[in-house]
Amino acid sequence: MKVLIVAGGYPSQNSISGIFIHQQALALKKAGIDIVVLEIDLRSFRRLRKLGFYKDCFEGVSVYRFAIPIGPFPRLTRRIGRMAAAYAIKKIVLELGEPDIVHAHFWNAAEWLVELRNKYRTPIIVTEHSSSIAGGNIEQKTATLISELYKKCDAIIAVSSILKTQILKITGAESETIPNILNNSFMINRINKNKEFSFISIGNLIERKRFDLTISAFAKFLLKYPNSRLTIIGSGIEQCNLQKLVNEHHIEAKVDFLGTIPNCKLPSVYARHHVFVL
């Protein structure tokens, strides 16, 4: 079976964006499924990376990357996303043949694909991760758009029971719950754990990830438990603001920003900490 995974972000040597998608791709590949990934990256010029359409390989997974610097312009990104998907999938099909299933991650990636159904007639599955949907922070116009989009997909997967409930509430669509997965290498006992009680959090340092809340909560925790430490892994445009927040709380000596760390090295980093902050 051939599966084409489509997403707006996928990990590289310099980014952990979409790491949960990569973990699933690795698991499917291990199960004997032929996996190819299409990443359509429409972030702005501020995100430095190689632009254009090119083929890559990340930890044994074939990745076609299409980077077009657009930025936070919803109508434009939707239009360019559809055009980019049509172009890229045509190239992929000519080289590899049609996939048996197209698996989109996030509703916006699925939207890029639905217009291609008449041409390729390939089933479309969408796995929804949206924290905006889970939190009910969706405008009615967007909710209507997502609802109509889901009707054109063959299956909808939610990564949590809460998200499944919210999908039904907001869009009226039924979905199946399949949580994100972790590689078995993460299931190890703590080794050489820190003497201080240590927290670790990982993700892109962007506003919607709310690392500011993590830092502020940790500052309050420190007042009662001073022998504690917070490690933050990731990079992004909010890093300077987060560092300023740390300085405002006067906890510079207790918070470590480690930047981006390769996925293969994360299990040993996790193992040295006591609590993962989601």
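One can find the structure itself at the top, above this paragraph.
Enquirer: Break down the overall build of the protein chain for me, with residues and values.
Expert: A tally of regular secondary structure across the protein chain gives 10 helices and 12 strands. Over its C-alpha trace the protein chain gives a radius of gyration of 20 Å, about what one expects of a compact globule, namely 19 Å for 278 residues. Along the three orthogonal principal directions, the C-alpha set of the protein chain runs to about 60 × 40 × 35 Å. Looking at the protein chain alone, contacts between residues at least 24 apart form 71% of all its contacts between residues at least 6 apart. Just so you have it, the protein chain exposes about 15200 Å², and 55% of that area is on carbon and sulfur atoms. The centroid of the 37 positive side-chain charges in the protein chain is displaced by 2 Å from the centroid of its 23 negative side-chain charges.

Enquirer: Before we move on, can you summarise the pairing of strand β5 (residues 101–105) with the specific residues and values?
Expert: With respect to burial, β5 is a largely interior element, 5 of its 5 residues being buried. The side-chain alternation of β5 yields two buried faces, one formed by I101, H103 and H105 and the other by V102 and A104. Here strand β1 (residues 2–7) pairs with β5 via 4 bridges, running parallel. Pairing of V6 across the sheet is with A104, part of β5. Pairing analysis gives 4 bridges linking β5 to strand β6 (residues 124–128), with the strands arranged parallel.

Enquirer: Give a detailed account of the pairing of strand β4 (residues 61–67), specifying residues and quantitative values.
Expert: With 6 of 7 residues buried, β4 lies mostly within the body of the structure. Pairing analysis gives 6 bridges linking strand β2 (residues 34–41) to β4, with the strands arranged parallel. Looking across to β4, one finds that I40 is bridged to F66. Bridge count for strand β3 (residues 52–58) against β4 is 7 bridges, and the pairing is antiparallel. The residue of β4 that forms the bridge with F53 is F66. Where β3 folds back on β4, the antiparallel hairpin that results is connected by 2 residues, among which E59 adopts a positive phi of roughly 50 degrees.

Enquirer: Pulling in residues and values, what's your account of the packing of helix α6 (residues 140–151) against helix α7 (residues 161–171)?
Expert: For any two helices packed against each other, one specifies the inter-axial angle together with the distance between the axes. It is the contact of α6 with α7, at a shortest axis distance of 9 Å, that shows an interaxial angle of 105 degrees. The orientation of α6 with respect to α7, classified from their angle, is roughly perpendicular. Residues A143, I146, S147 and Y150 of α6 touch α7, and the partners they reach there are I167, I170 and T171. Split by residue class, the contact of α6 with α7 holds 5 nonpolar, 2 polar and no charged.

Enquirer: Pulling in residues and values, what's your account of the sheet that holds β5?
Expert: Read across the sheet, 8 strands follow the order β3-β4-β2-β1-β5-β6-β7-β8 without closing on themselves; strand pairing throughout is mixed. The two strands at the open ends of the sheet, each matched to only one other strand, are β3 and β8 (176–177). Against the sheet, helix α2 (residues 74–96) makes contact with β1, β2, β3 and β4, and its axis sits at roughly 150 degrees relative to β2, the strand it touches most.

Enquirer: Lay out the packing of helix α8 (residues 211–224) against helix α9 (residues 239–248) with the relevant residues and their values.
Expert: Relative orientation of the contacting elements α8 and α9 amounts to 15 degrees, with a least axis distance of 10 Å. For the element pair α8 / α9, the angle class is roughly parallel. Like other packed secondary-structure pairs, α8 and α9 cross with a definite hand, here right-handed. Contact with α8, carried on its side by F211, D212, I215 and S216, involves L242, L245 and V246 of α9 and no other residues of that element. Of the residues contributing to the contact of α8 with α9, the split by class is 5 nonpolar, 1 polar and 1 charged.

Enquirer: Residues and numbers for the packing of aromatic side chains, please.
Expert: One pass over the structure, following the stated rule, counts 11 aromatic pairs. Over the ring of Y54 we find K50; its NZ or CZ atom is 4.2 Å from the centre of that ring.

The rules we used
Residues numbered from 1 in each chain as written. Predicted model: local features only at pLDDT ≥ 70, side-chain atom pairs only at ≥ 80, totals over all residues. Heavy atoms only, no water. Helix = DSSP H or I, 4+ residues; strand = E, 2+ residues; numbered from the N terminus. Rg over C-alpha atoms; globule rule 2.2 N^0.38 Å. Contact = heavy atoms within 4.5 Å. Areas by Shrake-Rupley, 256 points an atom, 1.4 Å probe, with all protein chains shown as cover. Lys, Arg positive; Asp, Glu negative; His and termini not counted. Charge placed at Lys NZ, Arg CZ, Asp CG, Glu CD. Buried < 20%, exposed > 50% of the residue type's maximum accessible area, 1.4 Å probe, protein only. Pairing = 2+ DSSP bridges. Axes fitted to C-alpha atoms, helices over the stretch in contact; angles between N-to-C directions. Parallel < 35°, antiparallel > 145°, perpendicular 65-115°, else oblique. Nonpolar A, V, L, I, M, F, W, Y, C, P; charged D, E, K, R; others polar. Left-handed = near helix turned anticlockwise from the far one by under 90°. Phe/Tyr/Trp six-rings, centres within 6.5 Å; stacked < 30°, edge-to-face > 60°. Lys NZ or Arg CZ within 6 Å of the ring centre and 35° of its normal.

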